[in-house]
Amino acid sequence: MMKQWKLKEIVLMSIFGVVFAVIYLLFYFFGQGLRNFLTPFGLAPFGYEIIFGIWFIVSIIAAYVIRKAGAAFWSELIAGTVQVLIGSPAGPQLIISAAIQGLGAEAVFLATRYRNFSLYVLVLAGMSAAVFSYAWGWFQSGLAALTPGLIIATFSVRVISGALLAGLLGKYISDQLAQTGVLRGYALGKEWQEKREKSAS
């Protein structure tokens, strides 16, 4: 899967994975606080769901920037592994969760044969990661024990979060990085450079 990768692409993907591992861990604790805040209102199950999309964002950013098969999966797996190494309370099972989330996003890019990285595709990838993660959570996190109404509600919120916090925000962050020129040696940076040259001509 990674035979056509350049060393600098592997390095960048690894950097993304490590950086977002720290961000993911911070959001884990933020989610706990949000859950505690919502508990008196009977909305505890939504504490993490509202922000769940943030845990898919590295797969979107890596795939959008590098545009190589496996970028979404491996970046998410690296982020999950690093979280465990730096002491995530979620424990080793987090690595499996990360792999499944990465596969969810990767599946969408694979469906386009890695030729379409439009906002629509990035949003779909974020939503797909949410669907995959919810399916895993059905067995691993006891989501099946929720009432039918809560299942529909939490699933919907997670998918929307995946669309917005992973797909939309992931594209925005990547584009902002590309505008600075730091990504000029990568697929997204080259695309932005071509746009600049066309606008200047």
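Since this is a predicted model, take the numbers as computed values, not measurements.

**With respect to helix 7 (residues 148–180)**
- Between the first and last C-alpha of helix 7 there are 47 Å, a value that for 33 residues agrees with the 48 Å anticipated at 1.5 Å per step.
- The largest bend in helix 7 is about 30°, located at Leu 169.
- Positive backbone phi, approximately 95°, marks Gly 181, located one or two places after helix 7.

**What about the packing of helix 1 (residues 7–38) against helix 3 (residues 57–66)?**
- Here helix 1 crosses helix 3 at 160°, and the two axes come no closer than 10 Å. Comparing their axes, helix 3 and helix 1 come out roughly antiparallel. As helix 1 packs across helix 3, the resulting crossing turns out to be right-handed. Packed against helix 1, whose contacting residues are Glu 9, Leu 12, Met 13, Phe 16, Gly 17, Phe 20 and Tyr 24, the element helix 3 presents Ile 57, Val 58, Ile 61, Ala 62, Val 65 and Ile 66 at the interface.
- Considering only residue class, the contact of helix 1 with helix 3 consists of 11 nonpolar, 1 polar and 1 charged.

**Things to note about the environment of Phe 73**
- Assignment of secondary structure puts Phe 73 in helix 4 (residues 71–85).
- According to the relative accessible area criterion, Phe 73 is buried, its value standing at 16%.
- Setting aside its immediate chain neighbours within four residues, Phe 73 contacts Ala 99, Gly 102, Leu 103 and Glu 106.

Each value, and the rule that gives it
- Residues numbered from 1 in each chain as written.
- Predicted model: local features only at pLDDT ≥ 70, side-chain atom pairs only at ≥ 80, totals over all residues.
- Heavy atoms only, no water.
- Helix = DSSP H or I, 4+ residues; strand = E, 2+ residues; numbered from the N terminus.
- Expected span 1.5 Å × (residues − 1).
- Bend = angle between axes of the 7 residues up to and from the residue.
- Axes fitted to C-alpha atoms, helices over the stretch in contact; angles between N-to-C directions.
- Parallel < 35°, antiparallel > 145°, perpendicular 65-115°, else oblique.
- Left-handed = near helix turned anticlockwise from the far one by under 90°.
- Contact = heavy atoms within 4.5 Å.
- Nonpolar A, V, L, I, M, F, W, Y, C, P; charged D, E, K, R; others polar.
- Buried < 20%, exposed > 50% of the residue type's maximum accessible area, 1.4 Å probe, protein only.

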